[in-house]
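Inside the fold
Spelled out, the chains give:
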Amino acid sequence: MRAKSTLFNTRKGGKRELVGIFVRGAAMGAADVVPGVSGGTVAFITGIYGRLLNALKSLTPMALMTLFKQGPMVFWKEIDGRFLLTLFLGIIFSIVSLAKVVSFSLDHYPILVWSFFFGLVIASVIYLIRQIQQWRIKEVVAIVAGTFFAVVISLVRPVELPAEWWMVLIAGSVAICAMILPGISGSFILLLMGMYKVLIHALEEFDIILLMSFSLGCLLGLLAFSHVLSALLRRYESMVFSVLTGFLIGSLNLLWPWKQVVETTINRHGDIIPLVQVNVTPSTYVELTAQPAFLWLSIVCLLFGLVLILLLEKIANDKN
């Protein structure tokens, strides 16, 4: 069964379903920590995407009027509060648990980690292509345009934005829009903005100011973007998936594991970080850096990421 049939499925189950929702939330959180696959993709594959969008859309000023006029119980039911609370608890649990693991892995095994991310994105491309219901000229053009746009963005010289609360708030409001899009990783957007490691370190150090700012930005972005996204998916689903597919294809340029550092800079902590990098072959990487390329291990990590997403899709489809 195609995932499309569950896109706007809003069926609600009993208390046992909460465990499944929490697990889905944990999977979404894990996806959003790494810049390879989005939490929106996980929600879409596991059949809760439509319910999530509908719940987010219900968070309006009218819902607040219901809270004051008819009480918290009616309000909680109207916004599908039990679903949202359980899902976001799962997301938060996973993000907090994995932050240190991802940070350590990127510092010590960058090639293997980026190979895993590369596999995740390839799988996401395959998944999104399957969701395109009809192939016309405009779908092909949309894929090409999305690919071109992503490649151009990946070639732009990154800047280190100030790690202040207001910038983190803006980053959160932008990244959350990507996080709920099927196929686009919010962490990837944070990476482009130069804010990915800032957030990872904030999670490691439990910087309450930055974390609250990011959470507030996410909330504002969700409330604003969920209505737009829902309308786009209902009216132009094929085109939306085509653009997202192209964007993911183009993002592979940024996720390529073997890179030559052309230019470096010093961040605000005094650390030397890459500023400009170019993709190279594994053999060229060995010649330039005198470091092992871990080619076969990288292939294993890539295939693991690829199979992981496709297996998740198969399990969800079998259940549907």
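Scroll up to find the structure.
Residues numbered from 1 in each chain as written. Predicted model: local features only at pLDDT ≥ 70, side-chain atom pairs only at ≥ 80, totals over all residues. Heavy atoms only, no water.

**Digging into the packing of aromatic side chains**
Condition: Pairing of aromatic rings covers Phe, Tyr and Trp, the last counted by its six-membered ring, and requires centre-to-centre distances within 6.5 Å; plane angles under 30 degrees mean stacked, over 60 mean edge-to-face, and any other angle means tilted. Going along the chain from the N terminus, every DSSP run of H or I of four or more residues is numbered as a helix, and every run of E of two or more is numbered as a strand. Only protein chains enter the accessibility calculation, which uses a 1.4 Å probe; a residue is then buried when its area is under 20% of its type maximum, exposed when over 50%, and partly exposed in between.
Across all of its chains, the model carries 8 aromatic pairs by this definition. Aromatic side chains phenylalanine 22 and phenylalanine 93 sit 6.0 Å apart centroid to centroid with 45° between the ring planes, which places their arrangement in the tilted category. Taken as a pair, phenylalanine 22 in helix H1 (residues 16-33) and phenylalanine 93 in helix H6 (residues 81-108) lie far apart in primary sequence, 71 residues in all. Here phenylalanine 116 and phenylalanine 117 contribute two aromatic rings whose centre-to-centre distance is 6.2 Å and whose plane-to-plane angle is 50°, an arrangement assigned as tilted. For the pair phenylalanine 116 and phenylalanine 117, one class covers both residues: buried.

**Quick look at unusual backbone geometry**
A positive phi is found at aspartate 80, a non-glycine position, where the angle reads about 55°. Assignment of secondary structure puts aspartate 80 in the loop between helix H5 (72-78) and H6. When its relative accessible area of 11% is taken as the criterion, aspartate 80 is described as buried. The phi torsion at phenylalanine 294 lies on the positive side, around 50°, for a residue other than glycine. By secondary structure assignment, the location of phenylalanine 294 is in the loop between helix H13 (282-289) and helix H14 (295-319). Under the relative-accessibility criterion, phenylalanine 294 is labelled partly exposed at 41%.

**A look at the nonpolar core**
Going by this rule: Take the buried Ala, Val, Leu, Ile, Met, Phe, Trp, Tyr and Cys residues and link them wherever side-chain atoms come within 4.5 Å; each set so joined is a nonpolar core.
Of all hydrophobic cores here, the largest spans 73 residues; its most connected members are Met28, Leu52, Phe83, Leu87, Met195 and Leu229. Ranked by residues supplied to this core, first place goes to helix H12 (residues 208-255) with 16 residues. One finds Trp258, Val280, Tyr285 and Ala293 within the second-largest nonpolar core, a separate group that totals 5 residues.

**Quick look at the side chain of threonine 245**
The cut-off we apply is this: Here, two residues are considered to be in contact whenever any of their heavy atoms come within 4.5 Å of each other.
Inspection of the secondary structure puts threonine 245 in helix H12. Exposure remark for threonine 245: the relative accessible area of 0% places this residue in the buried category. In this structure threonine 245 touches Val125, Leu128, Ile129, Ile132 and Ile143, once residues within four positions along its chain are discounted.

**Focus: helix H7 (residues 110-131)**
Heads up, the condition is: Expected span of a helix: the number of residues minus one, times 1.5 Å.
Counted at 1.5 Å a residue, the expected span for H7 with its 22 residues is 32 Å, and the 32 Å between its end C-alpha atoms agrees. The buried fraction of H7 is high, at 17 of 22 residues.

**Notes on the environment of serine 230**
Structurally, serine 230 can be placed in helix H12. Considered as a pair, serine 230 and lysine 57 are 173 residues apart in the sequence and their alpha carbons are 8.3 Å apart.

**What to know about H12**
For an α-helix, the turn length of 3.6 residues means that residues three or four places apart are oriented alike. As a reminder, the rule being used: Note that bend, as reported per residue, equals the angle between axes fitted to the 7 residues terminating at that residue and the 7 residues originating from it.
The end-to-end C-alpha distance of H12, which contains 48 residues, comes to just 30 Å, noticeably less than the 70 Å that a straight helix rising 1.5 Å per residue would cover. A maximum bend of about 110° is found in H12 at tyrosine 236.

**Comments concerning a nonpolar patch on the surface**
Put simply, the rule reads: Patch members must show over 30% relative accessible area and no salt bridge, and they are joined within 9 Å when carrying like charges or within 5 Å when they are nonpolar side chains of Val, Leu, Ile, Met, Phe, Trp or Tyr. Only the protein chains shown count as cover for residues, and the accessible areas themselves come from Shrake-Rupley with a 1.4 Å probe. In the sections that follow, a salt bridge refers to a side-chain nitrogen of Lys or Arg positioned within 4 Å of a carboxyl oxygen of Asp or Glu.
Taken together, the side chains of Trp165, Trp166, Ile170, Val174, Phe206, Ile208, Ile209 and Met212 define a hydrophobic patch exposed on the protein surface, amounting to about 840 Å² of accessible area. When residues of the nonpolar patch are traced back to their parent elements, those giving at least two are helix H9 (165-179) and H12. Valine 174 gets classed as partly exposed once you look at its relative accessible area, which sits at 37%.

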